[in-house]
Amino acid sequence: MYITELIINGLIQGSLYALIAIGFTMVYGILRLINFAHGDVMMIGAFLTIGLLKINLPWQISMLLILLVGGAVGFTIDKVAFRPMRGAPQVTGFIASLALSLLLQNLGILLFSAQPRNFFLPEFFRKTTLVFGLEVRYLSFVIVFSTFILLTILLLFVKKTKLGIAMRATAENLQVARLMGIRVNTTIMVAFVIGSGLAAYSGMLWGGRYGQVDPLMGFLPGLKAFVAAVIGGVGSIAGAAIGGYILGFSEILFVGLLPVGMSGYRDAFVFGLLIIILLFLPNGILGTSEEVRA
Amino acid sequence: MEAKLLDVKNLNVSIGKTHILKDVSFSVSKGEVVALIGANGAGKTTTLESVMGFNKTQSGSVLFHKGEQETDITNMATEKIVSCGLSLCPEGRQIFASLSVHENIVIGSYLRKNNAEVKRDQDYVFSLFPILYKRQNQKAGSLSGGEQMMLAVGRSLMSKPTLLLLDEPSLGLAPLMVEKIFSLLQQIHKDGTSILLVEQNAAKALDIADRVYVLEVGRVAMSGTGTEMKNNKEVQKAYLGIV
Amino acid sequence: MRLKELNLRSKIPPMAVLGLIGLIFVVIVDKFLSAYITSVISFIFLYMILAVSLNITNGFTGLFSLGHPAFMGVGGYIASLLILPVFRKEFFLPELPQWLATQQWSFFPAIVMGGLIAAIVALIIGYPVLRLKDHYLGVATIGLIFIVKVILKNNEQYTRGALGLNGLEFKTSIWWIYFWLVITVYVAWKLKFSSYGRTMLGMKENEMACSCLGSNVTALKIMAFVIGAFFAGVSGGLWAHLTTVITPDSFSPSLAFNLVVMLVIGGTGSISGSLIAAGGISLLIEYLRPLEEALGMYGLGQILISVVLLFVLIFRTRGLLGSSELKFLQKEV
């Protein structure tokens, strides 16, 4: 019984991480850039949802809107911060994204104060139903199933459409992609838009699940999404999703199965895992070979 | 006089502080095979890359005749140059290893809209390279060197270029494969594509070229028809190994 | 003419002159200016120590470590635990093991111990982790910050957990900070212009070439990492006894980021550059702090710094001085 609860929670947490990790890996795949600000887009999504809920928009429209606005945020971030830095060394982009992340977090603090706000979940999502004897909220179903749906759509897009193939080609070899006539700046922009849309969407779901939002809520999940992407193999969308679920399950099981005193070590466990994977399995599960070690 | 397809005039290209190309001028006319030969480091790859917009040109011009129009493609963005009708098959083949053979072919036709024509050209490429048809669903990275070369050429053809540029197609290939590639290039030429070829293997290049330019330390040292160059004593000594 | 200049230069090293000027400055501040200004200056000096020590790790070798806050945490807690009077230990940390509960060290040895333990931690972690490249190292070191935080939070017996330790004695006078600043700059300077330092800077440019020439690249990286960590640990102790508080959240990624900003703006590899940048940016931080409170606009300082950095990265990646030092400070003309 308890195991069932852990598995369900693992699925939910895994879905939330997967959504963020995917966007992360899409940008990384093409630009080799670790975008710290990605986690903060998730935070923006959460805050935005609170605003939308206040004006009583039907939730289906809100969900769509969050995806779109998240995409717009991603577009802006690319245009304003990262495009001017194309061609700069890796570390520069890293620092810049860290700067951007702190900028967004502190803007959040400035505008909304650092105090957590309550996330009021609409009636529909709070209804529950029994699954294997457990009360599960509708929200949880929405989280898991919408993640699967979005994931499937994305994988089909990347596999079958010309633009999707172009994105994969650009991720593998940017210069040669240009030789095919692919406008790489557009491809990169699409990666940002899709990734950010998914992150914002995850933020909305995250807020619903945990009932609270604050301007700093995105940093740690953003970092963990990076861990998830590394587990799955950076650059691989399916890998990021798998990594997200592995991470989600690991966290839940770690806290659920170990003695209570150990549960505070959860985050240390996650980052310890990151370091171990970077050292011993740098290509993750599905990733393509890459220079992780000097 | 044949219409000049590609007209490069007094090209000066520096990479960082090194002045690599010095007043390089050459041209390719419609229906020609032109070869750029020269030793390692002579600037051959830099020349092709500069034509395709990968390097910044300090001075000089690159003009391309697209149909009736003469377009100045100097320092144009690579993607735009490709849309004008040039296609480069880069040094070292550089196929997309993580994509399937078929996807590589498809991506070559990225800019084209007419699906029926694209399909016809796909069939054409597969008829030139039947092995690719056989392996079309395999990951391109699993192909042998020679097969990857064929894929690279096929991929370049898919954009239906007016001018096909090739950077060292014989590099790293077994002699038998080199023969095959070059006879295929002649076939492509016969079918109407103009070719600009950069080759270290001077003998092979001179065999199929209509005209040849010899690049030495970033300058055009000599030029002439294929036959003239083949019979030129200096070329024989320096590049053909005939003392 | 030239010969005479050279002679003069080597007789009175410019760094010593600067050190003397600094000393006079400290005297003036301590004797004539308010306690508030003294504490602001103290913070500025502390940031300078941090920036220069990060420069040893990142600037000289080209490593990208964001781990300084982790080492500050280690050093800060060690120093605090050692300095904390026995009766307070009984009050705050009743379950401390006997051998630790009876310790009560004086300031200097405790600070040094903090630095040493931090350096040892760096040595142990550095060996595997420093093999990671660039931004992977960056993320791993951020991970390190969180790991240290978690360990500090979950060992209440030793650290009082999330509550941290407050009411620490104010022991970090401006004199102590200046002392440590001089030491840090001296060590950094000596290192940079030694054969080790030259190799390190070479590594930054082209690691492959250096190792082909026989340099033990890994050993040098670890060396830079450990030295930097030592001073970070020292700074942690100094910080704790300046603010009289230490908690697991005292030293966060945003601190690491601000240090990186100082390095970027001053020029990674330039000691004088990081001193100037550290001075400028920490002045900004300290100046804006009361302003933020007055206006109720928290976070403004951090936003400003982030924006400035983004501008610098886009328009002048080399920062103020690149890898060089201010002209008049250079030994070789």
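Residues numbered from 1 in each chain as written. Chains lettered and ligands numbered in written order. Predicted model: local features only at pLDDT ≥ 70, side-chain atom pairs only at ≥ 80, totals over all residues.

(A) Spotlight on the overall build of chain A. Within chain A, the regular secondary structure consists of 12 helices and 4 strands. A principal-axis box enclosing the C-alpha atoms of chain A has dimensions of 55 × 45 × 40 Å. Out of the 294 residues in chain A, the part that is buried amounts to 53%. Within chain A, counting contacts between residues at least 6 apart in sequence, those at least 24 apart form 77% of the total. (Helix = DSSP H or I, 4+ residues; strand = E, 2+ residues; numbered from the N terminus. Buried ≥ 20, exposed ≤ 12 C-beta atoms within 10 Å, placed from the backbone. Contact = placed C-beta atoms within 7 Å.)

(B) Layout of the overall build of chain B. On a plain count of helices and strands, chain B comes out with 10 helices and 10 strands. The C-alpha atoms of chain B give a radius of gyration of 17 Å, which matches the 18 Å a tight globule of 243 residues would have. Taking the principal axes of the C-alpha coordinates as reference, chain B spans close to 45 × 40 × 40 Å. For chain B, with 243 residues in total, the buried portion stands at 44%. Once local pairs closer than 6 in sequence are excluded, the contacts in chain B between residues at least 24 apart make up 67%. (Rg over C-alpha atoms; globule rule 2.2 N^0.38 Å.)

(C) Representation of the interface of chain A and chain C within the structure. Taken together, the contacts link 35 residues of chain A with 38 residues of chain C. Within the residue set of the side of chain A that touches chain C, elements represented by two or more residues are helix H4 (90-112), helix H10 (219-232) and helix H12 (266-280) of chain A. The dominant element in the side of chain A that touches chain C, judged by the number of residues it contributes, is H4(A), at 14 residues. Classifying every residue of the side of chain A that touches chain C by side-chain character gives 27 nonpolar, 5 polar and 3 charged. (Nonpolar A, V, L, I, M, F, W, Y, C, P; charged D, E, K, R; others polar.)

(D) Focus on unusual backbone geometry. Phi is positive for Asn10(B), close to 50 degrees, though the residue is something other than glycine. Residue placement: Asn10(B) occurs in strand E1 (residues 4-15). In this structure, Asp134(C) is a non-glycine residue whose phi angle is positive, near 40 degrees. Within the fold, Asp134(C) resides in helix H8 (residues 134-153).

(E) Spotlight on the environment of Lys162(A). Residue and element names in this part refer to chain A. Turning to its location among the elements, Lys-162 is positioned in helix H7 (residues 162-172). Residue classification places Lys-162 among the partly exposed residues on the basis of 13 C-beta atoms within 10 Å. Put simply, Lys-162 and Tyr-2 are 160 residues apart on the chain and 46 Å apart in space, counted from C-alpha to C-alpha.

(F) Molecular detail of the sheet that holds strand E5 (residues 69-72) of chain B. Residues and elements named next belong to chain B. If you trace the 4 strands from one edge of the open sheet to the other, you get E2-E1-E4-E5, paired in antiparallel fashion. Each of the sheet's edge strands pairs with one partner strand only, and the pair in question is strand E2 (18-29) and E5. Between one strand axis and the next, the sheet turns by 15 degrees as a mean value, whatever way the strands run. The sheet contact formed by E1 and E2 spans 8 bridges and is antiparallel. Counterpart to Asp-7 in the pairing with E2 is Ser-27. Across the face of the sheet, helix H1 (residues 44-51) comes into contact with E1, E2 and strand E4 (57-66) while running at roughly 70 degrees to E2. (Pairing = 2+ DSSP bridges. Axes fitted to C-alpha atoms, helices over the stretch in contact; angles between N-to-C directions.)

(G) Molecular detail of the packing of helix H10 (residues 174-192) of chain C against helix H13 (residues 217-243) of chain C. Residues and elements named next belong to chain C. It is the contact of H10 with H13, at a shortest axis distance of 12 Å, that shows an interaxial angle of 175 degrees. The angle between H10 and H13 falls in the class roughly antiparallel. Within the contact between the two elements, H10 uses Trp-176, Ile-177, Trp-180, Thr-184 and Val-187 and H13 uses Ile-227, Phe-231, Val-234 and Leu-238. The residue makeup of the contact of H10 with H13, split by class, is 8 nonpolar, 1 polar and no charged. (Parallel < 35°, antiparallel > 145°, perpendicular 65-115°, else oblique.)

(H) Just the interface of chain B and chain A, in detail. Facing 20 residues of chain B, the contacting portion of chain A comprises 16 residues. Mapped onto the side of chain B that touches chain A, the elements with two or more residues apiece are helix H2 (78-84) and helix H3 (101-108) of chain B. Broken down by class, the residue content of the side of chain B that touches chain A amounts to 12 nonpolar, 6 polar and 2 charged.

(I) Here's a closer look at the sheet that holds strand E3 (residues 33-38) of chain B. Residue and element names in this part refer to chain B. One open sheet holds the 6 strands; their spatial order is E6-E7-E8-E3-E9-E10, and the pairing between them is mixed. Every other strand in the sheet has two partners, leaving strand E6 (86-89) and strand E10 (219-225) as the edge strands with one partner each. Averaged over all adjacent pairs, the angle separating strand axes in this sheet is 15 degrees, with direction ignored. Lying over the sheet, H1 contacts E3, E6, strand E7 (163-167), strand E8 (194-199) and strand E9 (211-216), oriented at roughly 145 degrees with respect to E7.

(J) Broad picture of the environment of Ile66(A). All names here are of chain A. Within the element layout of this structure, Ile-66 appears in helix H3 (residues 59-82). The class for Ile-66 is buried, based on 23 C-beta atoms found within 10 Å. Taking C-alpha positions, Ile-66 is 7.1 Å from Gly-197, a pair spaced 131 residues apart along the chain. Apart from the residues within four sequence positions on either side, Ile-66 is in contact with Gly-45, Leu-48, Thr-49, Ala-200, Tyr-201 and Met-204.

(K) Focus on the packing of H4(A) against helix H16 (residues 300-315) of chain C. Relative orientation of the contacting elements H4(A) and H16(C) amounts to 155 degrees, with a least axis distance of 8 Å. Judged by the inter-axis angle, H4(A) sits roughly antiparallel to H16(C). For the crossing formed where H4(A) meets H16(C), the hand is left-handed. Residues Thr92(A), Ile95(A), Ala96(A), Ala99(A), Leu102(A), Leu103(A), Asn106(A), Leu107(A) and Leu110(A) of H4(A) touch H16(C), and the partners they reach there are Leu300(C), Gln302(C), Ile303(C), Ser306(C), Val307(C), Leu309(C), Leu310(C) and Leu313(C). A class-by-class count of the residues in the contact of H4(A) with H16(C) yields 13 nonpolar, 4 polar and no charged. (Left-handed = near helix turned anticlockwise from the far one by under 90°.)

(L) Molecular detail of the arrangement of the chains. With 2 pairs of chains in contact overall, the contact-richest pair is chains A and C. A minimum C-alpha distance of 16 Å separates chain B and chain C, which share no contact.

(M) Looking closely at the confidence of the model for chain B. Residue and element names in this part refer to chain B. In the predicted model, chain B carries a mean pLDDT of 89, and the fraction of residues at 70 or more is 99%. Looking at the elements of chain B, mean pLDDT is at its lowest for helix H10 (residues 233-239), recorded as 83, and at its highest for E7, recorded as 94. The ipTM assigned to the predicted complex is 0.89, against a pTM of 0.87. (pLDDT = per-residue confidence, 0-100.)

(N) Here's a closer look at H10(A). For H10(A), with 14 residues, the first-to-last C-alpha span of 20 Å sits near the 20 Å given by 1.5 Å per residue. Of all 14 residues making up H10(A), 13 are buried, and the element is well covered by its neighbours. (Expected span 1.5 Å × (residues − 1).)

(O) Focus on H4(A). Residue and element names in this part refer to chain A. Along its 23 residues, H4 runs 33 Å from first to last C-alpha, staying within 8% of the 33 Å computed at 1.5 Å per residue. The buried fraction of H4 amounts to 17 of the 23 residues, a majority that puts the element mostly inside the structure. After H4 finishes, the residue Ser-113 shows a positive phi value of roughly 65 degrees.

(P) Seen up close, the environment of Phe91(C). Residues and elements named next belong to chain C. Considering the arrangement of structural elements, one finds Phe-91 in helix H5 (residues 86-92). In this structure Phe-91 comes out as exposed when scored by C-beta crowding, with 11 C-beta atoms within 10 Å. In sequence terms Phe-91 and Tyr-287 are 196 residues apart; their C-alpha atoms lie 36 Å from each other.

(Q) Local environment of the nonpolar core. Core analysis: the largest hydrophobic core is formed by 267 residues, its most contacted members being Ala200(A) and Ala51(C). With 17 residues, H13(C) is the single largest residue contributor to this core. Ignoring sequence-local partners within four residues, the contact set of Ala51(C) consists of Leu259(C), Met262(C), Leu263(C), Ser274(C), Ala277(C) and Ala278(C). (Core = buried A, V, L, I, M, F, W, Y, C linked by C-beta atoms within 7 Å.)

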